[in-house]
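# Descriptive analysis of the structure
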Amino acid sequence: MSAELIAVIAVIAVAMVFDYTNGFHDAANAIATSVSTRALTPRAALFIAAVGNFVGAHFGAKVAKTVGDGLVILPTGLASLGVVFAGVLGAVVWNLLTWYFGLPSSSSHALFGGLVGATLFAAGGVVQWANIGEKVIIPMVLSPVVGFLLGAVVMFLLLWVVFGLSKTGGTRLGRWRWSRLLSHAAHPGPLNRFFRFAQTVSATAMAVGHGMQDAAKTMGIVVLALYTGGFQDDKTTIPQWVFFTSAAVLALGTYAGGWRIIRTLGRRIIHLGPPEGFAAEIVASSVLYYNALVLGAPISTTHTITSAIMGVGATKKLSAVRWGVAGNIVMAWILTFPGAGLIACVAYFLVRPLFG
């Protein structure tokens, strides 16, 4: 067995470990709202999320191309595989740390940070900062803002249409009317049952969008390893076994669950009812679909759904959102890219002799 083959196998193995941790770390993205509103039982929600992730992975080719051929230029030879190995390992460690503390950080940005951190200190490695800014940093900033604003707008529209808020007079929403709406939504009834059913659809859409984004990132790493190791002629073709393996491992990780993070997203930020959960999931899945299918931009599912939940919650009143918890989450977002990068730097210096 050649050294190149051993190195490629090592990179693919650590990529699958990342894929699995991505599944249980980011399972909350797809199911936290549905579980917290009791629209779905935890196991049923995990099953839907796993299947949705598996299906969505097959529509993430554009995102995979961006990850595999747009962020860094690797050194030549075995050293390049060492960089990829260390970068993915940095993302895995960061995922485990944030999972332990129940923080819904971005696995995507952990991966990008890891690749950049390892590349910075590799002889011959080049970070494409212009592409990082355009395809990672700008979407990282914009997707939470868009998620928050759309979450608020969709929730306003949903309440207006379903409950007939136009009868309150003009464009101002009466406080008494809001209290009545929220009180009604908190108790079982036809409306509650409708939105719980609707959340089955929106949770499935969210899971497919998560698969488009997150399985695709693993696929990009695997293709990059195959190309760099000389087992593939280009960086854009994704073999069918890569689709299947990445999707299956992500689905298994998702089904394993990530209950610490599910509690944070579903309960600690804000108390969600079925209408709020439906609105947040519809907004987040729409943003994920647009970025994956149209732009090919590898955005964070964590950032998108969390900000949508905050936006939906803010339509009640700003104090309804637990901003202290939200602040801790945002801090984890900010620290993810440099944190995973720093871990990857250390990992690269440790593994570099093995890829010489």
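Residues numbered from 1 in each chain as written. Predicted model: local features only at pLDDT ≥ 70, side-chain atom pairs only at ≥ 80, totals over all residues. Heavy atoms only, no water.

## Some words on the packing of aromatic side chains
The condition that has to hold: Any Phe, Tyr or Trp ring, taking Trp's six-membered ring, that has another such ring centre within 6.5 Å forms a pair; planes under 30 degrees apart are called stacked, those over 60 apart edge-to-face, and the others tilted. Secondary structure elements are defined from DSSP: runs of H or I of at least 4 residues count as helices, runs of E of at least 2 residues count as strands, and each element is numbered from the N terminus. Think of it in three bands: with a 1.4 Å probe and only protein chains considered, a residue is buried below 20% of the maximum accessible area for its type, exposed above 50%, and partly exposed in between.
Under the definition given, this model contains six aromatic pairs. Ring geometry for Phe 85 against Phe 355: centres 5.6 Å apart, planes inclined by 40 degrees, an arrangement best described as tilted. Of this pair, Phe 85 sits in helix α4 (residues 78-100) while Phe 355 sits in the segment after α13 (323-351), and the two are 270 residues apart along the sequence. Judged by relative accessible area, which is 17%, Phe 85 ranks as buried. Among the residues examined, Phe 355 registers a relative accessible area of 8% and is labelled buried.

## So, the packing of helix α2 (residues 42-57) against helix α9 (residues 240-256)
What counts here: Only the contacting stretch of a helix is used when fitting its axis, a line to C-alpha atoms as for every element, and angles between N-to-C directions run 0 to 180 degrees. Throughout this description, any angle smaller than 35 degrees is read as roughly parallel, any larger than 145 degrees as roughly antiparallel, any in the 65 to 115 degree range as roughly perpendicular, and the remainder as oblique. Handedness of a crossing is defined here by the sense of rotation of the near helix relative to the far one, left-handed for an anticlockwise turn of less than a right angle and right-handed for a clockwise turn. Note on definitions: a residue-residue contact is assigned when non-hydrogen atoms from the two residues lie within 4.5 Å.
For the pair α2 and α9, the least separation of the axes is 8 Å and the interaxial angle reads 165 degrees. When the axis of α2 is compared with that of α9, the two are roughly antiparallel. Crossing angle aside, the handedness with which α2 passes α9 is right-handed. Taken together, the residues of α9 that come into contact with α2 (itself represented by Arg 43, Leu 46, Phe 47, Ala 49, Ala 50, Asn 53, Phe 54 and Ala 57) are Phe 243, Phe 244, Ala 247, Ala 248, Leu 250, Ala 251, Thr 254 and Tyr 255.

## Some remarks on the confidence of the model for the chain
For clarity, the cut-off: You can read pLDDT as the predictor saying how much it trusts each residue, on a scale of 0 to 100.
In the predicted model, the chain carries a mean pLDDT of 80, and 82% of its residues have values of at least 70. A low-confidence stretch, residues 165-179 (pLDDT under 50), is modelled with 19 contacts involving residues beyond four sequence positions or located in other chains.

## Description of a nonpolar patch on the surface
Definition in use: The patches described consist of residues with a relative accessible area above 30% and no salt bridge, like charges being joined within 9 Å and nonpolar side chains (Val, Leu, Ile, Met, Phe, Trp, Tyr) within 5 Å. All accessible-area figures derive from a Shrake-Rupley calculation using a 1.4 Å probe, and residue coverage is judged against the displayed protein chains alone. Salt bridges are identified by distance alone: a Lys or Arg side-chain nitrogen within 4 Å of an Asp or Glu carboxyl oxygen.
Taken together, Phe 47, Val 51, Val 55, Phe 59, Tyr 255, Tyr 290, Leu 293, Val 294 and Leu 295 make up a surface patch of nonpolar side chains, about 860 Å² in accessible area. Those elements that provide at least two residues to the nonpolar patch are α2 and α11 (274-295). Considering every element that reaches the nonpolar patch, the biggest residue donor is α11, with four residues. Here Val 294 shows up in helix α11. Relative accessible area serves as the criterion here: at 48%, Val 294 is assigned to the partly exposed category.

## Focus on the environment of Ser 36
Structurally, the position occupied by Ser 36 is in helix α1 (residues 3-36). Under the relative-accessibility criterion, Ser 36 is labelled buried at 18%. Expressed as a C-alpha distance, the spacing of Ser 36 and Leu 272, which sit 236 residues apart in the sequence, is 6.8 Å.

## Describing the nonpolar core
Stated precisely, the cut-off is as follows: Put simply, buried Ala, Val, Leu, Ile, Met, Phe, Trp, Tyr and Cys residues joined by side-chain atoms within 4.5 Å make one nonpolar core.
Within the largest apolar cluster, 56 residues are counted, with the highest numbers of intra-cluster contacts made by Leu 81, Val 88 and Ile 221. Contributing elements (two or more residues each) for this core: α1, α3 (61-68), α4, α5 (107-120), α6 (129-163), α8 (190-228), α9 and α13. Among the nonpolar cores identified, the runner-up in size contains 20 residues, and Leu 158, Ala 198, Ala 279 and Val 312 belong to it.

## Observations regarding helix α12 (residues 301-314)
To be explicit about the condition: In this analysis, the expected span of each helix is defined as 1.5 Å times one less than the number of residues it contains.
Counted at 1.5 Å a residue, the expected span for α12 with its 14 residues is 20 Å, and the 20 Å between its end C-alpha atoms agrees. Of all the 14 residues making up α12, 14 are buried; the element is thus mostly covered by neighbouring parts of the structure.

## A closer look at the environment of Met 219
Assignment of secondary structure puts Met 219 in helix α8. Relative accessible area serves as the criterion here: at 0%, Met 219 is assigned to the buried category. Separated by 204 residues in the primary sequence, Met 219 and Ala 15 place their C-alpha atoms 8.6 Å from one another. Each residue touching Met 219, except ones within four places of it in the same chain, is listed here: Ala 57, Gly 60, Ala 64, Ile 238, Val 242, Phe 243 and Ser 246.

## Things to note about the packing of α4 against α5
Axes are the key here: two packed helices are described by the angle between their axes and the distance separating the axes. Following both chains from N to C, one finds α4 and α5 inclined at 140 degrees, their axes separated by 7 Å at the closest point. Classed by the angle they form, the pair α4 and α5 counts as oblique. Crossing handedness for the pair α4 and α5: right-handed. Within the contact between the two elements, α4 uses Val 83, Val 84, Ala 86, Gly 87, Val 88, Ala 91, Trp 94 and Asn 95 and α5 uses Ser 107, Ala 110, Leu 111, Gly 114, Leu 115, Ala 118 and Thr 119.

## Points about the pattern of salt bridges
Enumeration over the complete set of coordinates arrives at one salt bridge. Lys 217 serves as the salt-bridge partner of Asp 214, at 3.7 Å between the closest nitrogen and oxygen. Residue Asp 214 and its partner Lys 217 are both found in helix α8; the two are separated by three residues, about one turn of the helix. The pair formed by Asp 214 and Lys 217 is uniform in burial state, with each residue classed as buried.

## Brief notes about the environment of Ala 61
Among the secondary structure elements, Ala 61 is positioned in helix α3. The partly exposed category is assigned to Ala 61, whose relative accessible area is 38%.

## Side note on the side chain of Ser 246
To keep it simple, the criterion reads: Contacts described as polar in this section are N or O atom pairs within 3.5 Å, which, within protein, must combine one atom able to donate a hydrogen with one able to accept it, while residues neighboring in sequence count only if both atoms come from side chains.
With respect to the helices, strands and loops of the structure, Ser 246 is situated in helix α9. Here the side chain of Ser 246 touches Val 242 through a polar contact of 3.0 Å, landing on its backbone oxygen. Those residues within four positions of Ser 246 in sequence are excluded, and the remaining contacts are Met 16, Asp 19, Ala 215, Thr 218 and Met 219.

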